[in-house]
Amino acid sequence: MSYTQKVMEDLTKRYSHQPVFLQAVQEVFMSLQPALDKNPAYEEHKILERIVEPERIIGFRVEWVDDKGEIQINRGYRVQYNSALGPYKGGLRFHPSVNIGILKFLGFEQIFKNSLTDLPIGGAKGGSDFDPKGKSELEVMRFCQAFMNELYRHVGATIDVPAGDIGVGGREVAYLFGQYKKLTTSYEGVLTGKHVLFGGSLARTEATGYGAVYFAQDMMAGRGDTLEGKTCVVSGAGNVAIYCCQKLQQIGANPVTVSDSRGMIHDPEGIRVDILKQVKEVERASLTRYAELVPTARYTPVSDYPAGRNAVWNVPCDAAFPCATQNELNIEDAKILLANGCKCISEGANMPSTLEAVNAFLASGICYGPAKAANAGGVATSQLEMAQNASMQDWDFATVDGKLRRIMHSIYFNASETAKEFGQPNNLVLGANIAGFRKVADAMIAQGVC
Ligand code: NDP
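Residues numbered from 1 in each chain as written. Predicted model: local features only at pLDDT ≥ 70, side-chain atom pairs only at ≥ 80, totals over all residues. Heavy atoms only, no water.

1. A closer look at the packing of helix α2 (residues 19–38) against helix α5 (residues 100–116)
The relative placement of two packed helices is expressed as an angle between their axes plus a distance between the axes.
Move 1: With their axes 7 Å apart at the nearest point, α2 and α5 run at an angle of 20 degrees to one another. If you check the angle between α2 and α5, you find them roughly parallel. From α2, Val20, Phe21, Ala24, Val25, Glu27 and Val28 reach across to α5, where they touch Gly101, Ile102, Lys104, Phe105, Phe108, Glu109 and Phe112. (Axes fitted to C-alpha atoms, helices over the stretch in contact; angles between N-to-C directions. Helix = DSSP H or I, 4+ residues; strand = E, 2+ residues; numbered from the N terminus. Parallel < 35°, antiparallel > 145°, perpendicular 65-115°, else oblique. Contact = heavy atoms within 4.5 Å.)

2. Notes on the site of the ligand
Move 1: Contacts to the ligand come from 22 residues, most closely from Lys133, Asp165, Thr208, Ser261 and Asn350.
Move 2: A distance of 3.0 Å is found between an oxygen atom of the ligand and a side-chain nitrogen or oxygen belonging to arginine 93.
Move 3: The contact in question runs from an oxygen atom of the ligand to an N or O atom on the side chain of arginine 204, over 3.0 Å.
Move 4: Considering the ligand on its own, with 890 Å² of exposed area, one finds that the protein chains cover 82% of that surface.
Move 5: Mapped by element, the contributors of at least two residues to the shell around the ligand are α8 (204–222), α9 (239–250) and β8 (257–260).
Move 6: Of the residues that constitute the shell around the ligand, the class distribution is 6 nonpolar, 11 polar and 5 charged.
Move 7: The residue makeup of the shell around the ligand includes at least three contributed by each of domain 1 (3–186) and domain 2 (207–369). (Near = heavy atom within 4 Å. Polar contact = N/O pair within 3.5 Å; in protein donor to acceptor, adjacent residues only side chain to side chain. Areas by Shrake-Rupley, 256 points an atom, 1.4 Å probe, with all protein chains shown as cover. Nonpolar A, V, L, I, M, F, W, Y, C, P; charged D, E, K, R; others polar. Domains from an automatic or database assignment.)

3. Observations regarding the pattern of salt bridges
Move 1: A full pass over the atoms with the stated rule returns 27 salt bridges.
Move 2: Salt-bridge contacts for lysine 372 lead to glutamate 27; the nearest nitrogen and oxygen are separated by 2.8 Å. Residue lysine 372 is located in helix α14 (residues 371–374), and its partner glutamate 27 is located in helix α2; the two are separated by 345 residues in the primary sequence. For the pair lysine 372 and glutamate 27, a shared accessibility class is recorded, and that class is buried.
Move 3: Taken together, the shared-partner salt bridges in this structure form one network comprising Glu27, Glu109 and Lys372. (Salt bridge = Lys/Arg side-chain N within 4 Å of Asp/Glu carboxyl O. Buried < 20%, exposed > 50% of the residue type's maximum accessible area, 1.4 Å probe, protein only.)

4. What to know about the sheet that holds strand β4 (residues 123–128)
Move 1: Ordered in space as β1-β2-β4-β3-β5, the 5 strands form an open sheet in which the pairing is mixed. Two strands in the sheet have a free side with no partner beyond their single neighbour: β1 (56–65) and β5 (160–163). Sheet twist, expressed as the average angle between the axes of neighbouring strands with direction ignored, equals 20 degrees.
Move 2: Across the sheet, α5 lies against β1, β2 (71–82), β3 (88–94) and β4, angled at about 150 degrees from β4, the strand it touches most. (Pairing = 2+ DSSP bridges.)

5. Side note on the domain arrangement of the protein
Move 1: Taken domain by domain, the protein consists of domain 1 (3–186) and domain 2 (207–369).
Move 2: When each unit is reduced to the centre of its C-alpha atoms, the spacing between domain 1 and domain 2 is 26 Å.
Move 3: Residue-level contacts link 16 residues of domain 1 with 13 residues of domain 2.
Move 4: Across the domain 1/domain 2 interface, buried area totals approximately 1,200 Å², and carbon plus sulfur atoms make up 54% of it.
Move 5: Looking at the side of domain 1 facing domain 2, the largest losses of area belong to Gln23, Met30 and Phe105, adding up to 38% of the total buried there. (Buried area = accessible area lost by both parts, 1.4 Å probe.)

6. Observations regarding the packing of aromatic side chains
Move 1: The full count for this structure, using the stated rule, is 18 aromatic pairs.
Move 2: Put simply, the rings of Phe60, Trp64, Phe94, Phe130, Phe143 and Phe147 pair up and form one aromatic cluster.
Move 3: Lying over the aromatic face of tyrosine 210, lysine 247 brings its terminal NZ or CZ to 4.4 Å of the ring centre.
Move 4: A cation over a ring is seen here: lysine 403 above tryptophan 395, with NZ or CZ 4.8 Å from the ring centre. (Phe/Tyr/Trp six-rings, centres within 6.5 Å; stacked < 30°, edge-to-face > 60°. Lys NZ or Arg CZ within 6 Å of the ring centre and 35° of its normal.)

7. Some points on the sheet that holds strand β12 (residues 344–346)
Move 1: The strand order β7-β6-β11-β12-β13 describes an open sheet built from 5 strands, whose pairing is parallel. The open sheet is flanked by β7 (254–255) and β13 (367–369), the only strands paired with a single partner.
Move 2: Alignment of strand β6 (residues 231–234) against β7, held across 2 bridges, turns out to be parallel. In the strand pairing of β7, threonine 231 is matched with asparagine 254.

8. So, the packing of helix α16 (residues 397–421) against helix α17 (residues 428–447)
Move 1: Between α16 and α17, the least distance of the axes is 7 Å, while the angle of their chain directions is 100 degrees. The pairing of α16 with α17 is recorded here as roughly perpendicular in orientation. Here Tyr412, Asn414, Ala415, Ser416, Thr418, Ala419 and Glu421 of α16 lie close against α17, whose contacting residues are Leu428, Leu430, Gly431, Ala432, Ile434, Ala435 and Arg438.
Move 2: Of the residues that constitute the contact of α16 with α17, the class distribution is 8 nonpolar, 4 polar and 2 charged.

9. As for the state of the cysteines
Move 1: Scanning the model with the defined rule gives 0 disulfides in all.
Move 2: Between cysteine 323, a free cysteine, and cysteine 244, which holds the nearest cysteine sulfur, the sulfur-to-sulfur gap is 4.3 Å.
Move 3: Looking at cysteine 323, the relative accessible area reads 6%, which means it is buried. (Disulfide = S-S within 2.5 Å.)

10. Some words on the side chain of serine 201
Move 1: Looking at the secondary structure, you find serine 201 in the loop between α7 (170–184) and α8.
Move 2: With relative accessibility at 4%, the residue serine 201 sits in the buried group.
Move 3: In this structure the side chain of serine 201 is engaged in a polar contact, spanning 2.9 Å, whose partner is the side chain of glutamine 388.

11. Thoughts on the environment of proline 352
Move 1: Structurally, proline 352 is set in the loop between β12 and α13 (355–364).
Move 2: The buried category is assigned to proline 352, whose relative accessible area is 0%.
Move 3: Taking C-alpha positions, proline 352 is 6.3 Å from proline 322, a pair spaced 30 residues apart along the chain.
Move 4: Residues contacting proline 352, with those up to four places away along its chain left out, are Pro322, Thr325, Gln326, Asn327, Glu328, Leu329, Glu347 and Ala371.

12. Thoughts on the pairing of β3
Move 1: Burial analysis of β3 places 7 of its 7 residues in the buried class, the great majority of the element.
Move 2: Where β3 lies against β5, 4 bridges are found, and the strand directions are parallel. For glycine 91, the partnering residue across the bridge sits in β5 and is alanine 163.
Move 3: As judged from the 3 bridges shared by β3 and β4, these two strands associate in the parallel manner. Within β4, the position partnered with arginine 93 by the bridge is glycine 127.
Move 4: Regarding topology, α5 serves as the crossover connection from β3 to the parallel β4, and that connection is right-handed. (Right-handed = clockwise from strand over helix to strand, strands pointing away.)

In structure tokens:
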């Protein structure tokens, strides 16, 4: 039995109740054996057994009072996974589905993603089962304050720097930041994704979506092709999806779909990003509102498509950008995309494709950019925000966007060169996993057993 199989077997026994976490580990382990064979020090130092366990998991009660005066209780968490390369860094997710297993999957992914950026940041993730949907502005503020009332003990500009994720955008980050400042009397870069008025970085809002498009451009260029003039499908209608659509249009591609948890929009004329921003960022409404405002758009509710499926993948396209959530693209979807001639997948969301779908993409030989590489632009720009905060500087949009472009290119280069080194050119899953892993593993060995 190989080293990866041995560790995976133990892990599966211990964490059988955390299936998405096991899936994330499996996806990394399926690439690592050649690197482990090449350097026996990793097994001698028990790196796999150590790297799968978070350094620390913090769990806490979050109690707050709703608008009716009723006490509400949620669960809050921070998984501080690995600090070999720098202070813990990773987003906060507020969604009813949040539990330790989901945060461990996200935190585990984050370790390797952050390593790939080549910036000094460790891996973490956190959040709560609080659902911001349908809550008043004051309820969201009270919840964020209550959440920070405990989290502030565990974070800090050189300790752990959270950011946004699903359900946590600029509004939530601002309330969290205000409460941290109140509790600590310290005005520091403890969170990223802040408003530019108080320490946020220009281009951070756009960075994950833009980065996924930059990564797709590099993959296509590697095959002598381009995204210009191509039809693209995008899932999700939040932060990542909106700016993915915007960048696609800027480079001359045509994004024709977006989706949310209630339905999807298809518009062959192209998504109206200004209207999408108005509906999602300002009105916080569902995509039915978008369809009311854009006559060429066709809305399909989720009730019209098979359970667990997202109909955006049925729309014929040249490139696909999953930007909603984990496991939103399964093997059936992958087969449809491939049959329709899709040449490129660039993942804006974390682990949006099931393992079977990933294997189908790899077997087909099309360009496939796995999440930990393709969506690393968000965390990379968060680190640029940390650098600006630490040096008390503000960089202009073009400076930050230029750095983001170079970082995405270097991630692509690193993943594709590593794939070549291990005899599997074009397998960016293998390239990204090994390149991300080696840096963290080497740092852990150098730092000793601690
Ligand atoms: P948002 O909350 O801004 O948007 C999420 C979008 O996905 C919404 O349209 C939401 O629909 C939809 N969605 C969420 N869960 C589901 C579900 N279970 N089924 C169908 N649709 C769903 O989040 P982000 O755009 O920030 O994040 C999207 C993905 O990108 C996540 O996987 C996140 O981890 C990843 N990511 C985000 C980064 C960032 O910088 N924000 C950085 C790197 C990765 P609805 O509003 O109806 O719930």
